[in-house]
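Notes for the structure review
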Amino acid sequence: MMRIIQEDQAFMLEKYKKILIKVKKESNYRQLQKIQENYLDFSSNDYLGLSKNKDVIEAGVETAREYGAGSTGSRLLSGNKSIFTEFEEIIAKDKKKETALIFNSGFQANSGVLECLTDRETTVIFDKLNHASMYQGIFASGAKLIRFEHLDYNNLESILKNLNSQKVIIVSETVFGMDGDIADIKVLSDLSNKFNTLLYLDEAHATGLYGENGYGLSTNFQLNPKTTIIMGTFSKALGSSGAYIACSDLIKDYLLQKCRSFIYSTALSPFCIGAAMKAWGIVKLLSKTKENLFLNAKNLRKQLKSLNFDVIGNETNIIPILCEKQEIMKNIKNKCFQNGIKVSGITKPTSPTPRIRIAITATHTAEDIEKLVEIINEKQF
Ligand SMILES: Cc1ncc(COP(=O)(O)O)c(C=O)c1O
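Residues numbered from 1 in each chain as written. Predicted model: local features only at pLDDT ≥ 70, side-chain atom pairs only at ≥ 80, totals over all residues.

**Considering the overall build of the chain**
This is how it is decided: Counting from the N terminus, the helices are the DSSP runs of H or I reaching at least four residues and the strands are the DSSP runs of E reaching at least two. Throughout, radius of gyration means the C-alpha value; the globule benchmark is 2.2 Å times the number of residues raised to the power 0.38. Counting other C-beta atoms within 10 Å of a residue's own tells you its class, since 20 or more makes it buried, 12 or fewer makes it exposed, and anything in between is partly exposed; those C-beta atoms are placed from the backbone.
A tally of regular secondary structure across the chain gives 13 helices and 13 strands. On C-alpha atoms alone, the chain measures out to a radius of gyration of 22 Å, which is about the 21 Å that the 2.2 N^0.38 rule sets for 381 residues. Its C-alpha atoms put the chain at 65 × 55 × 50 Å along the principal axes. By residue count, 44% of the 381 residues in the chain fall in the buried class.

**Focus on the packing of helix α11 (residues 287-306) against helix α13 (residues 366-377)**
Quick note on the threshold: Axis geometry follows a simple rule: fit a line to the C-alpha atoms, using only the stretch in contact for helices, then measure angles between N-to-C directions, giving values from 0 to 180 degrees. For classification purposes, an angle smaller than 35 degrees is called roughly parallel, one larger than 145 roughly antiparallel, one from 65 to 115 roughly perpendicular, and anything else oblique. Should the near helix be turned counterclockwise from the far one by less than a right angle, the crossing is left-handed, whereas a clockwise turn marks it as right-handed. By the convention adopted here, residues are in contact when the distance between their C-beta atoms, placed from the backbone, does not exceed 7 Å.
At their nearest, the axes of α11 and α13 sit 11 Å apart, and the two run at 20° to each other. The angle between the axes of α11 and α13 places the two elements in the roughly parallel class. The handedness of the crossing between α11 and α13 comes out as right-handed. Every residue of α13 that contacts α11 at N296, N299, L300 and Q303 is listed here: A366, I369 and V373.

**A look at the site of the ligand**
For the record, the criterion: Residue proximity rests on one test: whether the C-beta atom, placed from the backbone, lies within 6 Å of the molecule or strand. Side-chain classes follow a simple rule in which Ala, Val, Leu, Ile, Met, Phe, Trp, Tyr, Cys and Pro form the nonpolar group, Asp, Glu, Lys and Arg form the charged group, and the remainder, Gly included, forms the polar group.
The immediate surroundings of the ligand are formed by 14 residues, with S105, G106, G177, A204 and S235 found nearest. Here the residues of the shell around the ligand sort into three nonpolar, nine polar and two charged.

**Some thoughts on the domain arrangement of the chain**
Rule in force here: Start and end points for every domain follow an automatic or database-based domain assignment.
With domains assigned, the chain is organised as domain 1 (30-48 + 287-377) and domain 2 (53-283). For domain 1 and domain 2, the distance between their C-alpha centres works out to 26 Å. Taken together, the contact between domain 1 and domain 2 spans 17 residues of the former and 14 residues of the latter. In terms of residue count, the dominant contributor to the side of domain 1 that touches domain 2 is strand β10 (residues 318-322) (three residues). Residue composition of the side of domain 1 that touches domain 2, grouped by class: seven nonpolar, seven polar and three charged.

**Quick word on the sheet that holds strand β13 (residues 355-359)**
The test is simple: Strand pairing is assigned whenever DSSP identifies at least 2 bridges connecting the two strands.
Here four strands make up an open sheet; going across it, the order is β9-β10-β13-β12 and the pairing antiparallel. Of all the strands in the sheet, just β9 (310-311) and β12 (344-346) have a single pairing partner and so form its edges. Against the sheet, α11 contacts β9 and β10, and its axis sits at roughly 15° relative to β10. Sitting on the sheet, helix α12 (residues 326-338) touches β12 and β13, and the angle it makes with β13 is about 40°.

**Considering the sheet that holds strand β7 (residues 228-233)**
Spatial ordering of the open sheet is given by β2-β8-β7-β6-β5-β3-β4, a layout of seven strands whose pairing is mixed. Unpaired on one side and paired on the other, β2 (99-103) and β4 (144-148) mark the two borders of the sheet. On average, each strand axis in the sheet is inclined to that of its neighbour by 20°, with strand direction left out of account. As paired elements, strand β6 (residues 198-202) and β7 share four bridges and run parallel to each other. When the bridges of β7 are listed, L199 appears paired with T228. Packing against the sheet, helix α4 (residues 106-117) makes contact with β2, β5 (168-173), β6, β7 and β8 (243-247), and its axis sits at approximately 160° to β7.

**Quick notes on the nonpolar core**
What counts here: By our criterion, buried Ala, Val, Leu, Ile, Met, Phe, Trp, Tyr and Cys residues that link up through C-beta atoms within 7 Å make up a nonpolar core.
V113, Y244, I245, A276 and A279 are the most contacted members of the largest nonpolar core, which totals 94 residues. Top contributing element to this core by residue count: helix α10 (residues 270-283), with ten residues. Here this core gathers at least three residues from each of two domains, domain 1 (30-48 + 287-377) and domain 2 (53-283). In this view, A276 contacts F234, L238, S240 and G242; residues no more than four positions away in its chain are not counted.

**Thoughts on the pairing of β8**
Burial of β8 is extensive: five of the five residues sit out of reach of the surface. Burial along β8 is two-sided: the face carrying A243, I245 and C247 and the face carrying Y244 and A246 are both buried. Here β2 pairs with β8 via five bridges, running antiparallel. Of the residues in β8, the one forming a bridge with A100 is A246.

**Describing α10**
Short version of the rule: In this analysis, the expected span of each helix is defined as 1.5 Å times one less than the number of residues it contains.
The end-to-end C-alpha separation of α10 is 20 Å, in line with the 20 Å expected for 14 residues at 1.5 Å each. Within α10, 13 of the 14 residues are buried, leaving the element largely enclosed by the surrounding structure.

**A word on unusual backbone geometry**
At T72, a residue that is not glycine, the phi angle is positive and equals roughly 70°. With respect to the helices and strands, the residue T72 is situated in the loop between α2 (54-67) and α3 (82-94). By the C-beta count within 10 Å, which is 15 here, T72 ends up partly exposed. In this structure, K96 takes a positive phi of about 55° despite not being glycine. Tracing the backbone through its elements, the reader meets K96 in the loop between α3 and β2. Judged by the 16 C-beta atoms lying within 10 Å of it, K96 is partly exposed.

Put into structure tokens, the structure is as follows:
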């Protein structure tokens, strides 16, 4: 018996080794990079520079002093500090929803909530380029997944027309984090109402930058209050960590009973809550900063296009350059790195096409952008 177990172990380890070899061969091998703090960073999601904002950090420290470094338990046990409820009420009001629920990360929110809102009898109609965390939730519940072509709402409608399922949910990001384009929330909402489905929107990249006062694109629309569920993160433009779900009282109550990633995890640290709450208050005051950021992004897009780079996306601050081959993507990335610039090189499975992802933040100056263009302009790629 013992011998058999050892053989099984050896077999499993051998399998991991083979997978690693395969990943390396396909050039999809991921490695943690050595930290380079002083690089000019175009890879960060800290879109408003708030992770380094003095008031945000101070608020985090103050909250930690008052409530502790950690939350000491899950929200349903010892972890439910008053600051959570306070922040949830603010989020709900600003998102124009009945209520909100804070999660430890965007990944935990998406994967946990979609897992618990769906089951094997549910059909999930899903933008093909949605984030991995949403795929994770659907895979976990075993729901039927039907993907529509990215932003192709004719495709979505024809899928909906041909469905005979009663339990349907449409899932989409509002600002697509890897493609820098924007979903048509009005069309998504109209289709959701017409076909009586739930609608789940991920505002991870929209929170802080887009919509009324920066509280996400969904705030620009009158969405069905009972059937729309909105997720957003504190981990990108808010410069902290954590996430929220803004929804109806019924959905929140259901999540409290059933959502395992909420129930069985220690609540977010008070530092993160204090910092995120401060940042949430600051973003509505930054309209000039945002204007400047979008102007910088527009200029960069224009310059890259005029240099014949295959730039996709539209009016967002996320600027992806599609690369014909993985090699080209790597060369651009390395060239930038050698010149003190960080850009993200994205490849399968994160994105179907190799690309350089550039994120413009409020801390970038016109000179920073000029430097970036100068480096990737050299026609050697
Ligand atoms: C669209 C989208 N949703 C969810 C997440 C996960 O958020 P978090 O980093 O807070 O776990 C990300 C992060 O990369 C994202 O891009």
